[in-house]
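Residue-level listing of the chains:
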Amino acid sequence: MKERYINTALVCLVASVVVMSAGCTGAMLPTGGGTRIPDDNLTHQQWYSQHEENPDKYLYNPENPFEWTLKGMACAASGGNHEGALEYYDTAIGLDPEFGFVYYEKGFSLLNLKRYDEAKECFQKAVELNPDFKPLVEKDLRCFVRD
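Bear in mind the structure is a predicted one, so any value in this text is a computation, not a measurement.

Definitions and limits used
Residues numbered from 1 in each chain as written. Predicted model: local features only at pLDDT ≥ 70, side-chain atom pairs only at ≥ 80, totals over all residues. Heavy atoms only, no water. Core = buried A, V, L, I, M, F, W, Y, C linked by side-chain atoms within 4.5 Å. Buried < 20%, exposed > 50% of the residue type's maximum accessible area, 1.4 Å probe, protein only. Helix = DSSP H or I, 4+ residues; strand = E, 2+ residues; numbered from the N terminus. Phe/Tyr/Trp six-rings, centres within 6.5 Å; stacked < 30°, edge-to-face > 60°. Lys NZ or Arg CZ within 6 Å of the ring centre and 35° of its normal. Salt bridge = Lys/Arg side-chain N within 4 Å of Asp/Glu carboxyl O.

A look at the nonpolar core
Reasoning step 1: Phe66, Tyr89, Phe99, Phe101, Val102, Tyr104 and Phe133 are the most contacted members of the largest nonpolar core, which totals 31 residues.
Reasoning step 2: When residues of this core are assigned to their parent elements, the largest contribution, 7 residues, is made by helix α5 (residues 100–112).

Here's the deal with the packing of aromatic side chains
Reasoning step 1: Throughout the structure, instances matching the rule amount to 8 aromatic pairs.
Reasoning step 2: Cluster of aromatic residues (ring-pair linked, three or more members): Tyr104, Phe108, Phe123, Phe133 and Phe144.
Reasoning step 3: Across from the ring centre of Trp68, 4.9 Å away, lies the NZ or CZ of Lys71, which sits over that ring.

Some remarks on the pattern of salt bridges
Reasoning step 1: Within this structure, the stated rule accounts for 6 salt bridges.
Reasoning step 2: Between Lys71 and Glu67 there is a salt bridge, with its nearest N and O atoms 2.7 Å apart. Placement of the pair is Lys71 and Glu67 together in helix α3 (residues 65–77), with a separation of 4 residues, close to one helical turn.
Reasoning step 3: The class of Lys71 is partly exposed, set by a relative accessible area of 30%.
Reasoning step 4: When its relative accessible area of 1% is taken as the criterion, Glu67 is described as buried.
Reasoning step 5: Residue Lys125 is joined to Glu128 by a salt bridge in which the shortest nitrogen-to-oxygen separation is 3.4 Å. With Lys125 and Glu128 both in helix α6 (residues 116–129) and 3 residues apart, this pair spans about one turn of that helix.
Reasoning step 6: With relative accessibility at 55%, the residue Glu128 sits in the exposed group.

Encoded structure:
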């Protein structure tokens, strides 16, 4: 029971840290500057709405890419373990390679690791899957990559 509360608190902490520090995502839906990024995929919409209704559900479902994405975000936000977060993101991508949100988050971690070419590839894939990520990707690239 104690672990459940710690996991729930961690997800809440991650969401607030990520939103405040990067302005990039929230726990429920990908957001940019407080604006929700729409996702036309009905399955993805269902994950988001179910997570809003019951966040605990996504702490224990290993078949859900959204859960793995949230775990990656938690890993990155707690101590800046972006390398560890990549493992979670790769698991999510393996479960659903059409989930643009995870490519965005993976790209953001790669930026923090200064692996710019790989980050750009992930961002490109996120925008390819969901063009609404484009302004957010452009902002992050301006902030992190100085050509």
